Every structure is written in structure tokens, then in C-alpha cells.
Amino acid sequence: MGCAPSIHVSQSGVIYCRDSDESNSPHQTTTLSQGTATTLHGLFIKTDAADAIPSVLAYQSRQAGAPGTRRERRELGSGGSSSSAGTASSAPTTCRVRTHYCCSSAEAETQTSYTSVKQVSTAEVRIGPMRLTQDPIQVLLIFAKEDSQSDGFWWACDRAGYRCNIARTPESALECFLDKHHEIIVIDHRQDQHFDAEAVCRSIRATNPSEHTVILAVVSHMLSFILFLFQRFMENSSITACYNELIQIEHGEVRSQFKLRACNSIFTALDHCHEAIEITSDDHVIQIHKIHRDSGDKSQTESHSFRYKNRRKESIDVKSITSRSSDAPSLQNRRYPSMARIHSMTIEAPITKVINIINAAQENSPVTVAEALDRVLEILRTTELYSPQLGTKDEDPHTSDLVGGLMTVNVKYVHSHLSLPITINDVPPCIAQLLDNEESWDFNIFELEAVTHKRPLVYLGLKVFARFGVCEFLNCSEATLRAWLQVIEANYHSSNSYHNSTHAADVLHATAFFLGKERVKGSLDHLDEVAALIAATVHDVDHPGRTNSFLCNAGSELAVLYNDTAVLESHHTALAFQLTAKDNKCNIFKNIDRTHYRTLRQAIIDMVLATEMTKHFEHVNKFVNSINKPMAAEESSDCECNPIGKNFPENQILIKRMMIKCADVANPCRPLEMCIEWAGRISEEYFAQTDEEKRQGLPVVMPVFDRNTCSIPKSQISFIDYFITDMFDAWDAFAHLPALMQHLADNYKHWKMLDELKCKSLRLPSDS
């Protein structure tokens, strides 16, 4: 009899087959490209998994029940004897074993198969530079009766080189699992008259070793329900189908769990070691240097200081920690449901991990708790996690319209002709006198607007940028900075009642005021300060006086360009950098190195995009959770360490975002007269938008801003309640701004009084 054809996986992952009788004939070789699946001599191979299969894998196709082959079984939990060849056996042993008796014609084939099995049974797994040896996989089959399906998995384990046990009862299955700690368990879920498969799964899952075990349920073709406790395998007694399923599990979940245990063992060994440890790269560069003192001293490292309790005196055997019978603490003291192999993913988003934890908690929870967790999962699976849900439009139409107009992205924009930059030689005395008070929160930006003929940004910018050493940081001349400020201000639309250069100057003033606060100053670097001032200056450049919603509804060129997403904010940043780079005379970035420029540019873009209102609540909630709450916890514990971790880039980003957001909408926190003026200007801009929407037949995104019916006090009250109060409470808790909060309270009382008196204007008629 000729030898059977063999299947080989090359180092590159290409699968090919050849007849052993003609192995020296190249033309007899058939090569299969990756990404395909095919049947070769009865053997089904999924070549898209070729990369994960060790290159040494080379096995020969054979039939499990080939003539001349006899098998002898001893089964766990079975009182009788069973043997396909009539060989008697007894039941006391705890595992099922099979012995091959091969005739001479099949002896060579069987021996070759065993040789290849030995090569793959002990696999080498690499985690970075570490090389780990994985013991043979152990599989537990839980079948009440022997049939073709149990035989299929039995012989698949034999082919793959796995150690296999079989149990007939739930009790014997649990006993065997606690003794062996199998990586894979296959449960017969086709019929429930012998045992409850889900109950068996729960009893196994309740044990500590099961967190690294994959449980596979064999289900009938008649069943199509979803299994939450284990993976599903549709009934198929083909040895090839069973083999491929086991191989996929080994190189997926089992391999990932092995890596987790290995990493855990490394950390456990480091934790308990009393010797000097140096972890180096291939170039012998020290990565971690850890020295343990005497048992009473602290453990010290170069970058961190740890304190250990209950330090063991005896040595630690790393191999024993890695083994399946180890009692070492796991990296994950929990288990995840085996749904569609999703837990084999090595890269998971934080929200995915949260959902997995909740799913696991549901398994053994009471019905009421499980139902509550279902509602939690429904909320977590939505995309708007930070945006509160509003009531009906009838409850608060002002708030609904504000949110719709400012947060929803659902005049034909015409670029205005830019006026020529003005020439500045010296600051006139009247302007200089006003700027002497620019560090005060009560600085009157409208007076500066008047004396500068609606060009306050250049003059205030020169004063503020000089105070913060912007020219020194950028290594540019004052003339270059002046030219840049002129170009930026010229691209603001003076025809806008609100979004003009006076608003930009107001935001710049607020940003500079916040940067002067002790806690803010101590949390940001000089680069952050420069980025914040530049971002405040350009944050609304070339604003058309219409909202993002209007531009999207009108199908403007900007909305098309930016895909209806953060349209204006994206345009402001893009245009600012275009204007800066267009002329060398106003390029304030021309003398800084590429690294600083990229960092500065990214910070500016991030801050300007943060002013877009669709992510308002996300930014505020992240600031509260990452800055306010840790700071409050540190203060309550009287700890002298830095409560916000000012050197953490993530926290610096949150602080800068919150700072420019507060500066952008600080109008309600200004002195009353300025607050009233700003309220009138923004209302007029919204009135003009509503008028144009009606003229063009566009959707009216803020119907309450109809100049004939609008109540400005109501709109201000809604804006303060919905957007301002929580944000400034959080910012005040960090930056300590008592004067602003007092102005906010006073202004709110003003608007409430007008509303109670049914007055829709900015002031009482008697005050006009």
C-alpha cells in the first residue's frame, strides 16, 4: 500500500501538498494561496490561519477507524467496559486512554504521525523577546454516551497531539477538571435527558482554574439559539471538522490565555524576588533596575518606589507559577463569556472591557440585578455617553432650540473680501491707558473696541503676547507678530454682530486671565500657554455669523469640505495655518524647529476643535472625572503630592480644552453691563440666521430665536442652566474664580427677574 499524501505548512504560511511516493518531483506539488480554503484528500484546511500554525506542523491524512487499527478505552464515570475491538477494561481510572495496534502495512504511517505530533505537542510561544514553552493542550470531553461525535473529537485530539480525557457524568467531569485543569472542554449539549449542559458549565465556571478555559458546546442542527455560557459547535462528527475547530481555539483563546498567565508569572516573580534584577534590551540597555533591601526596607527602583507587604522568604519557581495548577493571582480575577471568540481579541477598547465585565457579572446574578444590568448595557452601547437626554420640546423650547442649533450637525457662504492690514507704529495713549487694566477680569473689551475702531485684537494681542513671552518662545520679532495679528484680525467679519474680532479679543483676554491663575500656571508648560493664546486668537477666524447646522442644511462648500463634522471649527484652524504660512512676513512659526511646531500645531488644533459644542458634555465630564474628583480626593486626604499630575499630557490636554471652552462662553460671567451687551449681540446674530432660513426655505434650527417672539431672558436662563453652570462650577473648583462665580449669580438673578416680569428684552423699559 502506498503512503498517504501529506500536508505541509511552509515558513511563509503557504500550504502545499505532495504525494510521499513522489516527494522528489517538484511538478507533483500543489500550492494553495493564502486566504482560501480547500479540501485535499479529505482533509479540510483553512489557510487564512496558516500564519498561526507552527511551521514544523506536518501531518499525514489517515482514517480514525482504519483497518488493522484497534483502540482500547477506559472511561471516567462509566461502570461498564467498552472497546471497539472487544478489549475489556475497568472503570476506576480517572482518564480515558487509547492504545494503537498497527499492522505492518500501516505501521510506518502511524509512526510518522506520532513523530509530528511530538513536535507540535510542546510549542514555543514568543511574547516580545521572551520564548516560552507551552505544554501539550489538555482537552476534556463530557459526553454521557459514546457516539460518532465523541469519537470525532477524540481522534481530532489524537491528530493534534492533545492529551484527552472523557467523562460520562457531571460529577466525574468536575473532579477530572479540578485535577487536570484542561484548556478546552467540549460538552454534549444536543440532548438534556442525561445531564444539564448549562449546569455543568456553571459548576466548572465557579472554580478558579476555569478562567483560562474555553468551553465548547456541541449542539444539534435543530437548535439555533444563542449560547451565552460557551461557544457553539454545530454537530459534525467529521474528524477534520473537529480538528479544525480545536486548532482554531488553540491558536486563538488558548494561546492568548497562556500569554496572560506567563506575563502574570513574570510580575509575580519580580514581586517576590529578593535579588537584584536587571531587565535589559538586546543592546544591554537597562529597562528596569530593581534592588530589594533587607526585609524591613522599602523596595526601590530608578523610576518608581514600591512598598510590598507579606514578602515571602523562600524562592519562587517561575515555571510552577506559569503552570496550570498554579495558585498565583491571575491578571484578571474574572471571566468573560465565550461569545463568538470576541474574548480572543488582544486589543480591546475600554468600553468593550466594561461591557465584558458586566456580561460576566450577569451570569450568576439574580433576575432583578440581571435586568438592571441589561439596561446599563443598553445605555453603554449608545454613542452619546456624555450628552444628557432632554425632555420634550414643549417642556423647555429654549433649551431644545439652543441644543439643536449649537450641538446638532444636520447664507450661502460667500467669502468676504479681506481689508488691508492697518499699520501700527506706536500705541496711542488712550489705548495704552485702557490696556493697563487688561489683567483684570472686569476689563471692558467694548471700550477697547470703540477706541480701536473695531480692531481690538491687534492691540490686546500685542500686550498679552508680550506678557507671556510668546515672541521669545517662537523666536520671532515683534514686527512679525504684529503682522500676524493684523492678518488674523482682518479675516474676522466686522459685519457679524457677535462672531467678530471683538469676541476673539474677549476670548483671548479670558484665556490670559485663566493662565494667570496659580493652579493653571502650575499645570501647564510654556508651550501650552503659547498654544492657548494662539488658539484663542484664531478660534473663530472667518466665522460667517451662522451656525454649523445652518451651513450643513444649506449645503455650503465648507460643510461639503468637512463632511458636516465640526465644519466651522475645522475651517478656523485650517485657515489660520494657511494665512500664517502664506506670507513669510507674518509667519510666526518660521523660526521654531519641526518638533516644537508639530506639538504646538496639534495643541492649537485640539483646543479650537474643543470649542465645537457637540462634544461639550464629553469634555466637561472628562474634566470632572479626571481632574476635579482626584483633586478633591487628594485634598481630603491631606496629601502633599500633586493632585492632578500636571506632568501628565492627558491632564494637560483636558485643562487646555476646559480653559478655552470657558473663555469662549464666559459672557454670563462678565460684569452685568458686558453680559447684557453680549446677550444682545448673540441674539441678534441668531435672529438674522432665523430670518435667512425662512427666506431660503431652510429648516429653522432655533425657532425660539424669532425676533418678533423671542424672550432673551428665557434664552439666557436656558443657556446658563444647560451649558454654563456645571462647566464653570468644575472650572472654578480647579482654578478658583470667586469673582466670576459672583458675576454669574448676579447675572442669573437679572435674567430671572426679567422673566418673572414677562419682559422679553435685555432690560426693563424703565432702565433703558
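Values in this document were obtained by computation on a predicted structure and should not be read as measured data.

Cut-offs and rules
Residue numbers here run from 1 along each chain, matching the order of that chain's written sequence. In keeping with the model being predicted, local features are shown solely for residues with a pLDDT of at least 70 and side-chain atom pairs are shown and tallied solely at 80 or more, while totals for entire chains, interfaces and linings include all residues. Calculation of side-chain values draws on the structure's entire complement of heavy atoms; hydrogens and water are dropped beforehand. In this text, helices come from DSSP runs of H or I with a minimum length of four residues, and strands from runs of E with a minimum of two, each type numbered from the N-terminal end. A 1.4 Å probe rolled over the protein chains alone gives each residue an accessible area, and that area as a share of the maximum for its type sets the label: buried under 20%, exposed over 50%, partly exposed in between. Accessibility throughout is a Shrake-Rupley quantity obtained with a 1.4 Å probe, and a residue counts as covered only by protein chains that appear here. Pairs of strands are assigned from DSSP output, requiring at least two bridges between the strands. Axis geometry follows a simple rule: fit a line to the C-alpha atoms, using only the stretch in contact for helices, then measure angles between N-to-C directions, giving values from 0 to 180 degrees. When a carboxyl oxygen of Asp or Glu is within 4 Å of a side-chain nitrogen of Lys or Arg, the pair counts as a salt bridge. UniProt positions are given in the numbering used here, feature names are shortened, and annotations may be inferred rather than shown by experiment. What makes two residues a contact is simply this: any of their non-hydrogen atoms within 4.5 Å. A helix is expected to span 1.5 Å for every residue after the first. What the bend at a residue measures is the angle between two axes, fitted to the seven residues ending there and to the seven starting there. Every residue gets a pLDDT, meaning the predictor's confidence in that residue, from 0 to 100. Residues belong to one nonpolar core when they are buried, are Ala, Val, Leu, Ile, Met, Phe, Trp, Tyr or Cys, and are joined through side-chain atoms within 4.5 Å. Sulfur atoms of two cysteines make up a disulfide when they are within 2.5 Å. Pairing of aromatic rings covers Phe, Tyr and Trp, the last through its six-membered ring, and needs centres within 6.5 Å; plane angles under 30 degrees mean stacked, over 60 mean edge-to-face, and all others mean tilted. Charge-over-ring contacts are defined here by two conditions on Lys NZ or Arg CZ: a distance within 6 Å of the ring centre and an angle within 35 degrees of the ring normal. A crossover counts as right-handed when, viewed with the strands pointing away from the observer, the path leading from the first strand over the helix to the second turns clockwise. Any angle between 65 and 115 degrees counts as roughly perpendicular, while under 35 counts as roughly parallel, over 145 as roughly antiparallel, and the rest as oblique. Each helix crossing is assigned a hand: it is left-handed if the near helix lies turned anticlockwise from the far helix by less than a right angle, otherwise right-handed if that turn is clockwise. Here the nonpolar group is Ala, Val, Leu, Ile, Met, Phe, Trp, Tyr, Cys and Pro; Asp, Glu, Lys and Arg are the charged ones; every other residue, Gly included, is treated as polar.

### What to know about the overall build of the chain
Helix and strand counts for the chain stand at 26 helices and 17 strands. The burial tally for the chain puts 49% of its 768 residues in the buried class. Total accessible area computed for the chain in this model is approximately 37,800 Å², and 51% of it derives from carbon and sulfur atoms.

### Observations regarding the sheet that holds strand 11 (residues 184-188)
Taken in spatial order, the 5 strands line up as 10-9-11-12-13 in an open sheet, and their pairing is parallel. The sheet is open, and its two borders are formed by strand 10 (163-167) and strand 13 (231-234), each paired with just one other strand. Sheet twist, expressed as the average angle between the axes of neighbouring strands with direction ignored, equals 25°. Two elements, strand 9 (residues 138-142) and strand 10, share 5 bridges in a ladder whose sense is parallel. Among the inter-strand pairings, L141 is bridged to a residue of strand 10, identified as I166.

### With respect to the pattern of salt bridges
Overall, the coordinates contain 21 salt bridges when judged by the stated rule. With a closest N to O distance of 2.5 Å, R190 and D147 form a salt bridge. Here the residue R190 occupies a position in the loop between strand 11 and helix 4 (197-205), and D147 occupies one in the loop between strand 9 and helix 2 (148-160), the gap between them amounting to 43 residues. For D147, a relative accessible area of 25% gives the class partly exposed. The salt bridge partner of K622 is E618, with a shortest N-O separation of 2.9 Å. Placement of the pair is K622 and E618 together in helix 22 (residues 616-636), with a separation of 4 residues, close to one helical turn. When its relative accessible area of 22% is taken as the criterion, E618 is described as partly exposed. Sharing partners across several salt bridges, the network here consists of D147, D188, R190 and E235.

### Comments concerning the UniProt feature "binding site: AMP" (unreviewed entry) in the chain
In the UniProt entry, the feature "binding site: AMP" (unreviewed entry) is given for H499, N500, S501, T502, H503, D540, D664 and Q716. Mapped onto the fold, H499 is located in the loop between helix 14 (478-490) and helix 15 (501-515). With near-sequence residues (within four places) excluded, H499 lies in contact with H493, D540, H543, I682 and E685. Mapped onto the elements of the fold, D540 is located in the loop between helix 17 (526-538) and helix 18 (548-554).

### Quick notes on helix 5 (residues 239-272)
Given a rise of 1.5 Å per residue, 34 residues ought to cover 50 Å, and the 46 Å separating the end C-alpha atoms of helix 5 matches this to within 8%. At E250, helix 5 shows its maximal bend, which comes to roughly 40°. Among the 34 residues of helix 5, 24 are classified as buried, and the element is accordingly described as predominantly covered.

### Observations regarding the confidence of the model for the chain
Taken as a whole, the chain shows an average pLDDT of 75; of its residues, 65% reach a score of 70 or greater. The low-confidence segment residues 77-120, where pLDDT is below 50, has 82 contacts with residues more than four positions distant or belonging to other chains. Within the model, the stretch residues 408-425 combines pLDDT values under 50 with 39 contacts to residues more than four positions away or in other chains.

### Comments concerning helix 12 (residues 456-467)
For helix 12, built from 12 residues, the straight-helix expectation of 16 Å at 1.5 Å per residue is met to within 8% by its first-to-last C-alpha distance of 17 Å. Within helix 12, 9 of the 12 residues are buried, which leaves it mostly tucked inside the rest of the structure. Taken as a whole, helix 12 has its buried residues at P456, L457, V458, Y459, L460, G461, L462, V464 and F465. Those residues of helix 12 that are buried are in contact with helix 10 (429-435), helix 11 (445-451), helix 13 (470-474), helix 14, helix 15 and helix 17. At the exit of helix 12 stands G469, carrying a positive phi of roughly 65°.

### Structural notes on the nonpolar core
Ranked by size, the top nonpolar core spans 113 residues in total, and within it L474, W484, F514, I534, L600 and W731 carry the most contacts. Take this core: its biggest share by element is 13 residues, from helix 25 (residues 712-735). Dropping the residues within four chain positions of it, I534 is found in contact with F465, L474, W484, I588, F589, L600 and I604. Among the nonpolar cores identified, the runner-up in size contains 26 residues, and V139, L141, W155 and A156 belong to it.

### Brief notes about unusual backbone geometry
For H181, which is not glycine, the phi torsion reads 60° and is therefore positive. By secondary structure assignment, the location of H181 is in the loop between helix 3 (170-180) and strand 11. Exposure remark for H181: the relative accessible area of 13% places this residue in the buried category. Of note, the phi angle at N563 is positive, near 55°, even though the residue is not glycine. By the secondary structure assignment, N563 is in the loop between helix 19 (557-561) and helix 20 (567-582).

### A word on the state of the cysteines
Within the structure shown, the criterion is met by 0 disulfides. Free of any disulfide, C669 has its nearest neighbouring cysteine sulfur in C662, separated by 7.9 Å. By relative accessible area, which is 0% here, C669 ends up buried.

### A closer look at the packing of aromatic side chains
Per the counting criterion, the structure on display carries 20 aromatic pairs. Aromatic side chains F623 and W731 sit 5.9 Å apart centroid to centroid with 55° between the ring planes, which places their arrangement in the tilted category. With F623 in helix 22 and W731 in helix 25, the pair connects residues that are 108 residues apart, well separated along the chain. The pair formed by F623 and W731 is uniform in burial state, with each residue classed as buried. Judged by centre distance (5.6 Å) and plane angle (45°), the ring pair of F719 and F723 falls under tilted. With F719 and F723 both in helix 25 and 4 residues apart, this pair spans about one turn of that helix. Taking relative accessible area as the criterion, F719 reaches 13% and is therefore assigned buried. A cation over an aromatic ring shows up here: R159 above the ring of Y243, its NZ or CZ 5.7 Å from the ring centre.

### Some points on the pairing of strand 11
Along strand 11, 5 of the 5 residues are buried, which leaves the element largely enclosed by surrounding structure. Taking every second residue as pointing to the same face, both faces of strand 11 are buried, with I184, V186 and D188 on one and I185 and I187 on the other. Pairing of strand 9 with strand 11, which is carried by 4 bridges, proceeds in the parallel orientation. Opposite I142, over in strand 11, you have I187 as the bridge partner. In this structure, strand 11 lies alongside strand 12 (residues 214-219), joined through 5 bridges in parallel fashion. Bridged to I184 within strand 12 is V214. In this fold, the crossover linking strand 11 to strand 12 by way of helix 4 has right-handed handedness.

### Digging into the packing of helix 7 (residues 350-363) against helix 8 (residues 367-380)
For any two helices packed against each other, one specifies the crossing angle of their axes together with the interaxial distance. Interaxial distance between helix 7 and helix 8 falls to 10 Å at its minimum, and their mutual angle equals 165°. When the axes of helix 7 and helix 8 are compared, the pair comes out roughly antiparallel. For the pair helix 7 and helix 8, the crossing hand works out as left-handed. Seen from helix 7, the contacting residues are I351, V354, I355, I358, N359, A361 and Q362; seen from helix 8, they are A370, L373, D374, V376, L377 and L380. Residue composition of the contact of helix 7 with helix 8, by class: 10 nonpolar, 2 polar and 1 charged.

### With respect to the environment of A566
Counting through the fold element by element, A566 comes out in the loop between helix 19 and helix 20. Classification of A566 as buried rests on a relative accessible area of 12%. Separated by 47 residues in sequence, A566 and M613 have C-alpha atoms that sit 8.8 Å apart.

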